[in-house]
Amino acid sequence: MTPRHSCTDPSRQDGLAAAPAGGDAATTPASTATAAAIANTTDTVTTDIVAMPQEASNTSTMPAPQTGTPRATVRLQFHEGYTLDDAISQVPYFARLGISHVYASPLTRARRGSTHGYDVVDHAQVNPELGGEAALRRLVRALRAHDMGLILDIVPNHMATSPDNPWWWSVLRDGRASPHATWFDIEWEPADTGLHGKVLAPFLGKPYGEALCDGDIRLRLGDAGWYIDAHGAPYPLADGTLDTSVPDPAHAYDTTTSAGRERLHELLERQAYRLAWWRSAADEINWRRFFEITDLIGVRVEQTEVFDAVHGMVLGFYEEGLIDGLRVDHVDGLSDPLGYCARLRGELEARSPRRPGALAGQTPYLVIEKILASDEILDERWKVDGTTGYDFMDQVGAVLHDAGGVGPITDLWETLARDTRSFAEIADESRELMLLRHFPAERYAAARALHQVAALDPMTRDWGQAAILRVLWQLLRGFPVYRTYADAEGRHALDQVRFDAAAAAAHAHFRSDRDGDDGPLLELMGDWLGGQPLHGLPAEQQAARALATRRFQQLTPPLTAKSLEDTAFYRYGRLLSRNEVGADPGEFHLAVEAFHRGCSARARRLPRAMLTTATHDHKRGEDTRARIMTLSEVPTEWSRFAHDWMHVHAPATYNGNGQLAPHPADLYMLLQTLVGAWPLDLRADDAAGLQAYAERVGAWQLKALREAKVRTSWVVPDESYEQACADALDAVMQPGAADDIAAFAHRIAAAGAVNSLSQTLLRLTVPGVPDLYQGTEFWDYSLVDPDNRRPVDYAARAAALDAEDAHDVDRLLADWRSGRVKQAVVHGALGARRAAPDLYAQGSYVPLPVLGSRGDHIIAFVRSLGDQRAFVLAPRLVGTHLRADDGDAADADAGLCLPRIDPAFWESTAVVLPHRYAGATLRDALSGRERRVGADSILPLAEALADFPVALLSAY
């Protein structure tokens, strides 16, 4: 099946609103509000439409010039297959592209064979698998030779529970006597008295007793002496616990005999760890994990000696001039994120004057990985430059969705999935599952800490742990953000708003409970969890409240992340382009005015925040999302196609027959994925290509099904259902069966490309530091990891940048499927940033007034600093108004759209520039072509975007 619209037909009946009210003379809603900020003191538009006094009066309030600000970063994922030395050969290419800093994945020594580096085992060593410190120095020399720098990703929150980790090995061997016993977040006296003084080691593939009887746990002799081998993993023996008087320990502890098993069991009971089945972790674990991953243990980096041990090497690298800044992984997992960031900032700043040469005195660059709610900001307490950009990724994605599609797209999902629940309802259901099955140990640990607070006060000691658990459940169930940041001084006003929202939801539940009212306890717990300052309380109560607050505040981040990103995102599939890290799938779109407000706020408050649209953790590649976005513009076409496809390719499922048939919700999300990520060069009759694509999608499908935890899961996989879904994928990916999907994907591909180019240009020009995820200067139709971490063909990218026609926009658009046109936008915009770095680093951001009936289809703004200006034009919602490819009729692409907007679509729509630009000639940094501004300071979009879909204009 194929869409039933032409490239340029404006009369489609698909629910797309063509223009704001007001006809040809209308301005966008933001225009009258922003016009006053555009012109200088004497500039006015010579029409009766809009007046624009004072353009750049706000530049005096911009932050003072900052040195050391990255101009643009490229994120590289280092591993054994792509080392630091491998990156050296790409440095000249990155420099030509316009990158100022490499932004490296963690380089500290990680678990052997790590593909990402977040499973750190030694903070004092550069990973030998990446080439070690010598390779790092070689890379930095190459970077400095090209006037580039290095930003390093660090992991202070957790480390790997690996025998390669000397701190962890010491704790396993010596328990509380280990010098590192307090370095990890271990509860040495949990509720289970059998674990007092022990660490739960939930790493067995089967229950402990079965593993012991089956011989999966053995005593072995190694080079360093006797040790325990459990499922192939080594565990130490505490000194003095092995009976050395036995002449043949291997025979004495042989598990093939009952006496040997009993003796081995007794030996294990004398250790500082308790081996356990992996499934016991959720209920029994007595140490903080990263999310629910028992391979990663929480680190107490708030302790001075731990902080110094974790950061000693990287701070030394900063002082020496090897690195220029840091990205902090999962900052919300720390005990005191605000205090940690303030200390890290202070340590960097103290070393800055001692850096060599021109690097001395530069302001260190510090960003944090943190997900913000749509109404959440980094307030003045955060001593950082900003986040890593999930908030921008959400905003720029939402603004490219068509509000007119929300009703039809929602109806389609509810019909096909047979589920009328909102995303919020599904998220609530997911959170309850997490509380019940995935984080009970953490929930009980928080409840025990709160019960201890209650017990210390005669006025509250009657509140039992069961009641506390009830109230805690409701608080956690309705918590609106990832976490709050209460400390000894109490709860900040912004955090109080968040906590009050959760408390109000809990109160509403209690009022509906006819069996009792836990409201009074809720009020008390609000005080205990940071609602009151600690000073003035007895020392014992201060310690108890601080622990309870820490347990609570370190539980909400993993609970929220696992409930949303790793569960609800895979259950709710209205439009998968909104199911991305940092986004709320319940918020379908964002108004242009709201997008402008966010950018203006960033310019004022966090001009050095990182901006991203692709990461190593994204659910879908930036261009996969951009293509799926276009479905919001053609909801009627898409609905018809989806219904027809479900009937043709899944009749049994669609009619509800067959126990093992894939559920229609899963099939519909599969359909969106196939259309969204369909490779541009894949033809429906290419059997080998279809198979390769099916393997990629199959990996995504299995992960998606298990993450949803509805019909199968990681914990209890239903292999028969998974096979049924795999069979369904295989059936539709055969030559002949894939024709309809391929045709639809190719028909909307150019519209998706325009979205991609707008998204790319916005990332590179709005306030902030743009990051380019590895390889995404070409099209990025990737899926969730590991698909988004595939090797990058840098030779092809370098060759494309150096090609003779690299600046020929006509050739680039004709060859748009190669990805070179996207690279050209990246190169052109980064070149503009290099030519005017202060403009983009410190310049104000002001929306441009837009006149005409198509004003809702453009995002237009100016960056200003002194006499410097850059005008940005990024179209939106233009997918049904593209030019057709007039190539050879024998060409399969003939008749399909190019990513070039039909000038007739714009009619008389134009942007209003400051009066000083009346009659001026502007140069487009992307196409290299000139644009003439009218004598009335009006720039028609039909001219500005006549031969290229986006524009970055400046006077020269």
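It should be emphasised that the depicted structure is a prediction, and the values quoted were computed from it without experimental measurement. (Residues numbered from 1 in each chain as written. Predicted model: local features only at pLDDT ≥ 70, side-chain atom pairs only at ≥ 80, totals over all residues. Heavy atoms only, no water.)

**Re the pattern of salt bridges**
Okay, so step 1: Within this structure, the stated rule accounts for 68 salt bridges.
Okay, so step 2: We note a salt bridge from Glu-319 to Arg-351, for which the minimum N-O separation is 3.7 Å. Of this pair, Glu-319 sits in helix α10 (residues 304-320) while Arg-351 sits in helix α11 (residues 337-351), and the two are 32 residues apart along the sequence.
Okay, so step 3: On the accessibility criterion, Glu-319 (25% relative accessible area) is partly exposed.
Okay, so step 4: Glu-777 is the partner of Arg-797 in a salt bridge, and the nearest nitrogen-oxygen pair spans 4.0 Å. Highlighted residues: Arg-797 in helix α28 (residues 794-802) and Glu-777 in the loop between β18 (769-773) and α28, separated in sequence by 20 residues.
Okay, so step 5: With relative accessibility at 10%, the residue Arg-797 sits in the buried group.
Okay, so step 6: Residues joined in a network through salt bridges with shared partners are Asp-308, Glu-319, Arg-343, Glu-347, Arg-351 and Arg-354. (Salt bridge = Lys/Arg side-chain N within 4 Å of Asp/Glu carboxyl O. Helix = DSSP H or I, 4+ residues; strand = E, 2+ residues; numbered from the N terminus. Buried < 20%, exposed > 50% of the residue type's maximum accessible area, 1.4 Å probe, protein only.)

**Considerations on helix α17 (residues 493-512)**
Okay, so step 1: Along its 20 residues, α17 runs 29 Å from first to last C-alpha, staying within 8% of the 28 Å computed at 1.5 Å per residue.
Okay, so step 2: Those residues of α17 that fall on the buried side of the exposure criterion are Asp-495, Arg-498, Phe-499, Ala-502, Ala-503, Ala-506, His-507 and Phe-510.
Okay, so step 3: The elements touched by buried residues of α17 are α16 (465-477), α18 (519-531) and α19 (539-564). (Expected span 1.5 Å × (residues − 1). Contact = heavy atoms within 4.5 Å.)

**Quick look at the pairing of strand β9 (residues 225-230)**
Okay, so step 1: Inspection of the sheet shows strand β8 (residues 217-222) paired to β9 by six bridges, in the antiparallel sense. For Leu-221, the partnering residue across the bridge sits in β9 and is Trp-226.
Okay, so step 2: From the end of β8 to the start of β9, which pair antiparallel, there are two residues.
Okay, so step 3: Where β9 meets strand β10 (residues 233-235), three bridges bridge the pair, whose relative direction is antiparallel. Residue pairing across strands places Asp-229 opposite Pro-234, the latter belonging to β10. (Pairing = 2+ DSSP bridges.)

**Topic: the sheet that holds strand β14 (residues 325-328)**
Okay, so step 1: Strand order in this open sheet of eight strands is β16-β15-β14-β5-β2-β1-β18-β17, and the pairing throughout is parallel. Edge positions in the sheet fall to β16 (386-387) and β17 (610-611), since each has one partner strand and no second.
Okay, so step 2: Note: strand β1 (residues 73-76) against β18, three bridges, orientation parallel. Paired with Arg-75 across the two strands is Tyr-773, which belongs to β18.

**Some details on the environment of Leu-136**
Okay, so step 1: Along the chain, Leu-136 falls in helix α4 (residues 132-145).
Okay, so step 2: Linking Leu-136 and Ala-753, residues 617 residues apart in sequence, is a C-alpha distance of 37 Å.
Okay, so step 3: Those residues in contact with Leu-136, other than ones at most four positions away along the chain, are Leu-84, Leu-107, Val-126, Leu-150 and Phe-317.

**Some remarks on the nonpolar core**
Okay, so step 1: Grouped together as the largest cluster of nonpolar side chains are 178 residues, with contacts concentrated most on Phe-78, Ile-217, Ile-228, Leu-275, Leu-344, Phe-595 and Leu-873.
Okay, so step 2: Ranked by the residues each element gives to this core, the list is headed by helix α27 (residues 739-765), at nine residues.
Okay, so step 3: Among the nonpolar cores identified, the runner-up in size contains 54 residues, and Leu-412, Tyr-668, Ile-748 and Leu-783 belong to it. (Core = buried A, V, L, I, M, F, W, Y, C linked by side-chain atoms within 4.5 Å.)

**Topic: a nonpolar patch on the surface**
Okay, so step 1: A grouping of Trp-277, Trp-278, Trp-714, Val-715 and Val-716 is seen on the molecular surface, where their side chains present a nonpolar patch of about 460 Å² in accessible area.
Okay, so step 2: In this fold, Trp-714 is placed in the loop between α25 (687-708) and α26 (719-732). (Patch = residues over 30% accessible without salt bridge, like charges linked within 9 Å, V, L, I, M, F, W, Y side chains within 5 Å. Areas by Shrake-Rupley, 256 points an atom, 1.4 Å probe, with all protein chains shown as cover.)

**Quick notes on the packing of helix α21 (residues 622-629) against helix α24 (residues 664-677)**
Okay, so step 1: Viewed as axis vectors pointing N to C, α21 and α24 meet at an angle of 110 degrees, and their least axial separation amounts to 8 Å. Here α21 lies roughly perpendicular to α24, going by the angle between them. Handedness of the crossing formed by α21 with α24: right-handed. Residue-level contacts link Thr-624, Arg-627 and Ile-628 of α21 to Gln-672, Val-675, Gly-676 and Ala-677 of α24.
Okay, so step 2: In the contact of α21 with α24, the residues fall into three nonpolar, three polar and one charged. (Axes fitted to C-alpha atoms, helices over the stretch in contact; angles between N-to-C directions. Parallel < 35°, antiparallel > 145°, perpendicular 65-115°, else oblique. Left-handed = near helix turned anticlockwise from the far one by under 90°. Nonpolar A, V, L, I, M, F, W, Y, C, P; charged D, E, K, R; others polar.)

**Some thoughts on the confidence of the model for the protein**
Okay, so step 1: Mean pLDDT over the protein: 91, with 90% of residues reaching 70 or higher.
Okay, so step 2: Here residues 1-66 is modelled with pLDDT under 50, and outside its nearest four sequence neighbours on either side it reaches 161 contacts, counting other chains as well. (pLDDT = per-residue confidence, 0-100.)

**Some points on the sheet that holds strand β27 (residues 930-932)**
Okay, so step 1: Strand order across the open sheet formed by six strands is β19-β21-β22-β29-β26-β27, with antiparallel pairing between neighbours. The open sheet is flanked by β19 (844-847) and β27, the only strands paired with a single partner. Taken pair by pair, the neighbouring strands of this sheet meet at an average axis angle of 30 degrees, ignoring direction.
Okay, so step 2: Sheet contacts for α27: β21 (858-865), β22 (868-875) and β29 (951-955); angle to β22, the most-contacted strand, approximately 155 degrees.

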